[in-house]
Amino acid sequence: MKNSFKGLLIAGTLLLVFNYTATASGLANRTNTLRIGATPVPHAQLLNLISEDMASHGITLRVVEFTDYVQPNMAVISGDLDANFFQHIPYLESNAEWSSKLTSAFGVHVEPFGLYSQKYSSVSSLPNGASIAIPNDPSNCGRALLLLQSNGLITLRDGAGLNASPRDIINNPKNFRFQELEAAQLPRSLQDVDAATINGNYALEAGFNPIRDSLIIEGADSPYVNIVVVQKGNENSEKIQALRNALLSQKVKDYINRNYGGGVAPVF
């Protein structure tokens, strides 16, 4: 009886040691892993490019790909992700919950926003009453309209700013009809509309060269810099600083300039 009790005691102790070791190992693995959400092109590509650089600093980079612009922010807020890389500051600030809980850690590049068409080869050939698809989120909708205004196609009311909507158009000489769609759907909409304003990453994914294929495009001085976003207070963490050093490197700059044909412009 005594030996049985002693055996149970030893077994229980070993189980506790095993559980503690497994838990400690799990915590260590999580501590040394940076979980970051990204849209596929170019964000996930750039992150995968620096995976080995992060590993050399003892950090495992886990890239989770998204095809929408909402889930990555919610995943960082919930703690399911440590960071995300897909958006610009106007988009982050377009939602009160996001802007109150999240912040930019650093900027990486600009993806010039452009107007594309499969039916017309120039802006001047767009017909009267042409249908133009634009993003339906406030910041990118405003960005699209500002692009059209800067090229003399429409006029927005004074003060419309970055969150302009079609309601702010006060002059529309060619009577364009605007259709608001989710940003990811815009490349696919080209068969149904006369033209569409498309974010640079989605244009690249669809096989467009933004410099060559767009009818009009933002300049490289665009204020819409793509940023790495984290929970407030985490922007100076050791893992995020390691990510910053790896992404803002000559290796990444050379890769961008070599592979995206001007569709992605580094800001470092």
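To start, this report covers the structure provided alongside it. Residue positions are given per chain, counting from 1 as you read along its sequence in written order. With the structure being a predicted model, the display of local features is reserved for residues of pLDDT at least 70 and the display and counting of side-chain atom pairs for 80 or more, all residues being used for whole-chain, interface and lining totals. Only hydrogens and water are removed before side-chain values are computed, so all heavy atoms of the structure are retained for them.

On to the overall build of the protein. The helix and strand tally for the protein stands at 12 helices and 13 strands. For each residue, the accessible area found with a 1.4 Å probe, counting protein chains only, is set against the maximum for its type, and the residue is called buried under 20%, exposed over 50%, and partly exposed in between. Evaluated residue by residue, the protein yields a buried proportion of 47% over its 268 residues. Here, two residues are considered to be in contact whenever any of their heavy atoms come within 4.5 Å of each other. Of the contacts formed within the protein by residues at least 6 apart in sequence, a portion of 74% connects residues at least 24 apart. Split by element, the accessible area of the protein, about 13100 Å² in all, is 51% carbon and sulfur. Strands here mean DSSP runs of E at least two residues long; helices mean DSSP runs of H or I at least four residues long; both are numbered from the N terminus. Accessible areas in this description were obtained via Shrake-Rupley with a 1.4 Å probe; residue shielding takes into account the shown protein chains only.

Close approach of charged atoms allows side chains with opposite charge to pair. By salt bridge we mean one thing: a side-chain nitrogen of Lys or Arg within 4 Å of a carboxyl oxygen of Asp or Glu. As enumerated under the stated definition, the model contains six salt bridges in all. Between R35 and D82 there is a salt bridge; the shortest N-O distance is 3.0 Å. Here the residue R35 occupies a position in strand β1 (residues 33-38), and D82 occupies one in the loop between α4 (71-78) and β3 (83-88), the gap between them amounting to 47 residues.

So, on to the environment of L145. Positionally, L145 belongs in helix α7 (residues 138-150). Since its relative accessible area comes to 0%, L145 is described here as buried. In this structure the C-alpha to C-alpha distance between L145 and A160, which are 15 residues apart in sequence, comes to 10.0 Å. In this view, L145 contacts I134, I154, L156, A164, S165, P166, I169 and F178; residues no more than four positions away in its chain are not counted.

Following V41, the chain continues to P42 via a peptide bond in cis, the omega torsion being -5°. Residue N175 is not a glycine yet carries a positive backbone phi of 55°. Inspection of the secondary structure puts N175 in the loop between β8 (169-171) and β9 (177-181).

Sheet faces and side chains relate simply in a regular strand, where the side chains alternate between the two faces. With six of six residues buried, β3 is to be regarded as a mostly interior element. Relative to β3, β1 is paired through three bridges, and the arrangement is parallel. Within the sheet, the bridge partner assigned to A38 lies in β3 and is F85. When DSSP locates at least two bridges between a pair of strands, those strands are taken to pair. Bridge analysis of β3 against strand β12 (residues 225-231) gives four bridges, and the strand direction is antiparallel. What sits directly across from H88, in β12, is N226.

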